[in-house]
Amino acid sequence: MSDSHRFVPLQYQAKTGQELIDCSAQFYESMRQRRTVRNFSDTPVPLQLIENAVAAAGTAPSGANQQPWHFVAVSDADTKRKIRVAAEIEERELYERRASDQWLEALAPLGTNADKPFLETAPWLIAVFGQKFTIDAEGRKLKHYYTQESVGIATGILITALHQSGLVALTHTPSPMGFLREELDRPIHEKPFLLLVVGYPADDAMVPDIDKKPLGDILSIR
Ligand code: IYR
């Protein structure tokens, strides 16, 4: 076996019996508490928490292990303000013109509108970018495989890690999001995937009274 295709022993922490079941139940119990939050406190969040969460996201599986993602964590007030201004322009267009009546009806229970004050209030915005390809040292394009799936999985881990760190987040998709690439100086081969708004909840934070589907609706066993 050549060095570049080296294999190493798997580091696997075996759990058994009740321990396995307890761990899985505890994890579900914790994840059940996660809510998407739109009312943020402006209390600062240490950079270390953001770094740890992004490092966890970076452990995600990806097509051919190409890790086709980049994360930009923004706490700078001026950059956050510019992102808010650009996002609100797109969102106003969406709510007033682009969205179909059916879309607006689907959104109604969330109580959202084109105003996005949380883009300035929350201490961190994390812009997630996907790379359809990369450019090698000779300037050649190298295709990435399963970019959307890979970035989606990494973002799921990021959201989970933020929740486990005691933070709350909003998965925000101002559409279109092209302005994020320009605002954050990312290269042309990176496409914004979504924007996570991250911080602590406001003391009076409210969330919509909505449920997750019961297990029987999302799982079939055969
Ligand atoms: N991007 C808009 C609209 C929006 C769309 C969906 I689908 C949501 O689940 C939530 C919002 C906004 O952020 O308000």
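Here's what I pulled together on the structure shown here. Only a predicted model underlies this, so the values are computations on that prediction, with no experimental measurement involved. (Residues numbered from 1 in each chain as written. Predicted model: local features only at pLDDT ≥ 70, side-chain atom pairs only at ≥ 80, totals over all residues. Heavy atoms only, no water.)

**Side note on the overall build of the chain**
1) Next: Along the backbone of the chain there are eight helices and six strands.
2) Next: Along the chain direction, N to C, the helices and strands of the chain fall in the order α-α-β-α-α-α-β-β-β-α-β-α-β-α.
3) Next: With the C-alpha coordinates of the chain rotated into their principal frame, the extents come out at 60 × 55 × 40 Å.
4) Next: Counting only residues that meet the buried cut, the chain has 34% of its 222 residues in that class. (Helix = DSSP H or I, 4+ residues; strand = E, 2+ residues; numbered from the N terminus. Buried < 20%, exposed > 50% of the residue type's maximum accessible area, 1.4 Å probe, protein only.)

**Some remarks on a nonpolar patch on the surface**
1) Next: On the surface, Leu215, Ile218, Leu219 and Ile221 cluster together into a nonpolar patch covering about 470 Å² of accessible area.
2) Next: You can call Leu215 exposed: its relative accessible area is 58%. (Patch = residues over 30% accessible without salt bridge, like charges linked within 9 Å, V, L, I, M, F, W, Y side chains within 5 Å. Areas by Shrake-Rupley, 256 points an atom, 1.4 Å probe, with all protein chains shown as cover. Salt bridge = Lys/Arg side-chain N within 4 Å of Asp/Glu carboxyl O.)

**Some thoughts on the site of the ligand**
1) Next: In the vicinity of the ligand, the residues found are Arg38, Glu91, Leu94, Tyr95, Trp103, Leu107, Leu110, Thr112, Asn113, Lys116, His172 and Thr173.
2) Next: Contacts to the ligand include Tyr95, whose side-chain N or O atom sits 2.5 Å from an oxygen atom.
3) Next: Interatomic distance of 2.5 Å between a side-chain N/O atom of Lys116 and an oxygen atom of the ligand.
4) Next: Expressed as a share of its isolated accessible area of 380 Å², the protein-covered part of the ligand is 72%.
5) Next: Across the shell around the ligand, the residue classes tally to five nonpolar, four polar and three charged. (Near = heavy atom within 4 Å. Polar contact = N/O pair within 3.5 Å; in protein donor to acceptor, adjacent residues only side chain to side chain. Nonpolar A, V, L, I, M, F, W, Y, C, P; charged D, E, K, R; others polar.)

**Brief notes about the sheet that holds strand β5 (residues 168-172)**
1) Next: Taking strand neighbours across the sheet as the criterion, the four strands line up as β1-β2-β6-β5 in an open arrangement whose pairing is antiparallel. Pairing within the sheet leaves two strands with one partner each, and these edge strands are β1 (69-74) and β5. Averaged over all pairs of adjacent strands, the angle between strand axes in this sheet comes to 25°, irrespective of strand direction.
2) Next: As paired elements, strand β2 (residues 124-131) and strand β6 (residues 190-199) share eight bridges and run antiparallel to each other. Within the sheet, the bridge partner assigned to Gln131 lies in β6 and is Glu190. (Pairing = 2+ DSSP bridges. Axes fitted to C-alpha atoms, helices over the stretch in contact; angles between N-to-C directions.)

**Side note on the pattern of salt bridges**
1) Next: By the definition in use, this model includes 13 salt bridges.
2) Next: In this structure, Arg84 and Glu120 form a salt bridge, with 2.8 Å as the shortest nitrogen-oxygen distance. With Arg84 in helix α3 (residues 77-98) and Glu120 in helix α5 (residues 118-121), this residue pair connects regions lying 36 residues apart in the sequence.
3) Next: The partner of Arg140 in a salt bridge is Asp136, and the shortest N-O contact between them spans 2.8 Å.
4) Next: Exposure remark for Asp136: the relative accessible area of 17% places this residue in the buried category.
5) Next: Look at the salt bridges and you will find they share partners, linking Arg84, Glu88, Arg92, Asp115 and Glu120 into a network.

**Quick look at the packing of aromatic side chains**
One pair of aromatic rings is described through two measures. These are the centre distance and the angle between the planes.
1) Next: According to the stated counting rule, one finds zero aromatic pairs in the structure shown.
2) Next: Against the face of Phe133 rests Lys141, its NZ or CZ located 4.4 Å from the ring centre. (Phe/Tyr/Trp six-rings, centres within 6.5 Å; stacked < 30°, edge-to-face > 60°. Lys NZ or Arg CZ within 6 Å of the ring centre and 35° of its normal.)

**Some thoughts on the pairing of β6**
1) Next: The element β6 is extensively covered by neighbouring structure, given that eight of its 10 residues are classed as buried.
2) Next: Bridge count between β5 and β6: five bridges; the pairing is antiparallel. Each residue of the ladder has a partner; that of His172, found in β6, is Leu195.

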